[in-house]
Amino acid sequence: MAQLTLVQAVNLALREEMRRDEHLVVLGEDVGRLGGVFRATEGLQAEFGEARVVDMPLNECGIVGAAIGMAMTGIRPCVEIQFSDFIYPAFDQIVNELAKVRYRSGGQFSAPVVIRTPYGGGVRGGHYHSQSPEAYFVHTAGLQVVVPSTPAEARGLLKSALRGDDPVIFFEPKRLYRSVREEVPEEETLIPLGVARVAREGSDATVLAYGAMMPFCLQAAEQMAKSGSEVEVIDLRTLWPLDIETVLASVRKTGRVVIVHEAPRACGYGAELAAQIAERAIEYLQAPIVRVTGPDTPFPYALEAQYLPDVDKILQGVQRVLKF
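Since we're looking at a predicted model, the values are computed, not measured.

Rules behind the numbers
- Residues numbered from 1 in each chain as written.
- Predicted model: local features only at pLDDT ≥ 70, side-chain atom pairs only at ≥ 80, totals over all residues.
- Heavy atoms only, no water.
- Pairing = 2+ DSSP bridges.
- Helix = DSSP H or I, 4+ residues; strand = E, 2+ residues; numbered from the N terminus.
- Axes fitted to C-alpha atoms, helices over the stretch in contact; angles between N-to-C directions.
- Salt bridge = Lys/Arg side-chain N within 4 Å of Asp/Glu carboxyl O.
- Buried < 20%, exposed > 50% of the residue type's maximum accessible area, 1.4 Å probe, protein only.
- Parallel < 35°, antiparallel > 145°, perpendicular 65-115°, else oblique.
- Left-handed = near helix turned anticlockwise from the far one by under 90°.
- Contact = heavy atoms within 4.5 Å.

J.: Explanation requested: the sheet that holds strand S12 (residues 238–240) in the structure shown.
T.: What holds strands together in a sheet is hydrogen bonding between their backbones, with the strands either parallel or antiparallel. Spatial strand order, S3-S2-S4-S5-S7-S6-S12: seven strands in an open sheet with mixed pairing. At either margin of the open sheet sits one strand with a lone partner, and together these are strand S3 (53–55) and S12. Across the sheet, the axes of successive neighbouring strands diverge by a mean angle of 20°, strand direction being ignored. Two elements, strand S5 (residues 114–119) and strand S7 (residues 168–173), share six bridges in a ladder whose sense is parallel.

This is how it looks when you write it as structure tokens:
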């Protein structure tokens, strides 16, 4: 096994899949000679050439539009958007075109495009480099939305996304790119989309999270264990399609739920989770569902630590449901 950071695991998955499938190409700004702003594509152009690792103009709408056309002719594009904040110029192409190719063609065409993009705060990037726009894409029928939380998860999930026949928005937690490292098996390991992971078992409360929030949730659960409360932590991994059965099984066991994400609270992904739990398992709930999220403001620069959820805020949420 190799000890890899999350960004190294992403690079490995891309390299392995490009060796496996000659139709896979990488598109984006500075993905070639530079290797991407976070070096996720470093070395790929040297190995696979400029025809398969393509430096594109500063035009996210054009990059995604080109990828859609390529995908409909048999090529399998993987697009990198440098920061998730820059995905908005491509929003029309993603929501009105990419997500609807299979539907509008009656299943005659598919668009196997994977859009990779770093999301979230924790790196002092300010309001144009720290947003978490996952809820926009979960709301759009036709898209799969994936968020890994560890190097092994990133490799396995990305490989599955690249082999699928439908579009995937693959959010990478950039604050974890180099801050976590773990052993990644040398043998090929695919993690299917739409399957959540029980990251820590418990019986007293359920914490639902994904991506960059996972380390904080696990730390909070360990602290709660010292006082005798066992918290179950679910890593959702795929936001859509949601593995609702794993979520409900945990809720039925614990009766208490805390949802954690760094995106703003109003209409955030946690609202959908809370609604689905209330609709399907309200008779099991012993306390109101609590959300620990970012506030409904633009992402700040100077007050980043106050904006983001942390271990203390998660602990407060867990203690609130336990005391109800």
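J.: Would you mind showing me how to read the pattern of salt bridges here?
T.: Pairing between side chains becomes possible if they bear opposite charge and their charged atoms approach one another. For the structure shown, the criterion picks out 21 salt bridges. Glu 222 serves as the salt-bridge partner of Arg 200, at 3.0 Å between the closest nitrogen and oxygen. In this pair, Arg 200 sits in strand S9 (residues 197–200) while Glu 222 sits in helix H8 (residues 214–226), placing the two residues 22 residues apart along the sequence. Owing to a relative accessible area of 13%, Arg 200 belongs among the buried residues under this scheme. Glu 222 gets classed as partly exposed once you look at its relative accessible area, which sits at 44%. Between Glu 232 and Lys 253 there is a salt bridge; the shortest N-O distance is 2.6 Å. One end of the pair, Glu 232, is in strand S11 (residues 231–235); the other, Lys 253, is in helix H9 (residues 244–254), with 21 residues separating them in the sequence. Given a relative accessible area of 3%, Glu 232 falls into the buried group. One network of salt bridges, in which partners are shared, links Glu 16, Glu 17, Arg 20, Arg 155, Lys 159, Arg 163 and Glu 188.

J.: I'm lost on unusual backbone geometry in this one. Help?
T.: Most peptide bonds adopt trans geometry, and most residues besides glycine take a negative phi value. Backbone torsion omega between Trp 240 and Pro 241 reads 5°, so that peptide bond is classified as cis. Mapped onto the elements of the fold, Pro 241 is located in the loop between S12 and H9. Of note in the backbone geometry, Asp 30 takes a positive phi value of approximately 65° without being a glycine. Secondary-structure assignment places Asp 30 in the loop between strand S2 (24–28) and helix H2 (44–48). Residue classification places Asp 30 among the partly exposed positions, given a relative accessible area of 38%. In this structure, Arg 124 takes a positive phi of about 55° despite not being glycine. Within the secondary structure, Arg 124 is located in the loop between S5 and helix H6 (134–138).

J.: Which parts of the structure should I look at to understand the packing of H8 against helix H12 (residues 311–323)?
T.: Packed helix pairs are specified by the crossing angle of their axes together with the interaxial distance, meaning the distance between the axes. In contact at an axis separation of 9 Å, H8 and H12 are set at 55° when each is read in the N-to-C sense. On the basis of the axis angle, H8 is oblique to H12. Every pair of crossing elements has a handedness; the one defined by H8 and H12 is right-handed. Residues Phe 216, Cys 217, Gln 219, Ala 220, Gln 223 and Met 224 of H8 form the contact with H12, whose own contacting residues are Val 311, Ile 314, Leu 315, Val 318, Gln 319 and Leu 322.

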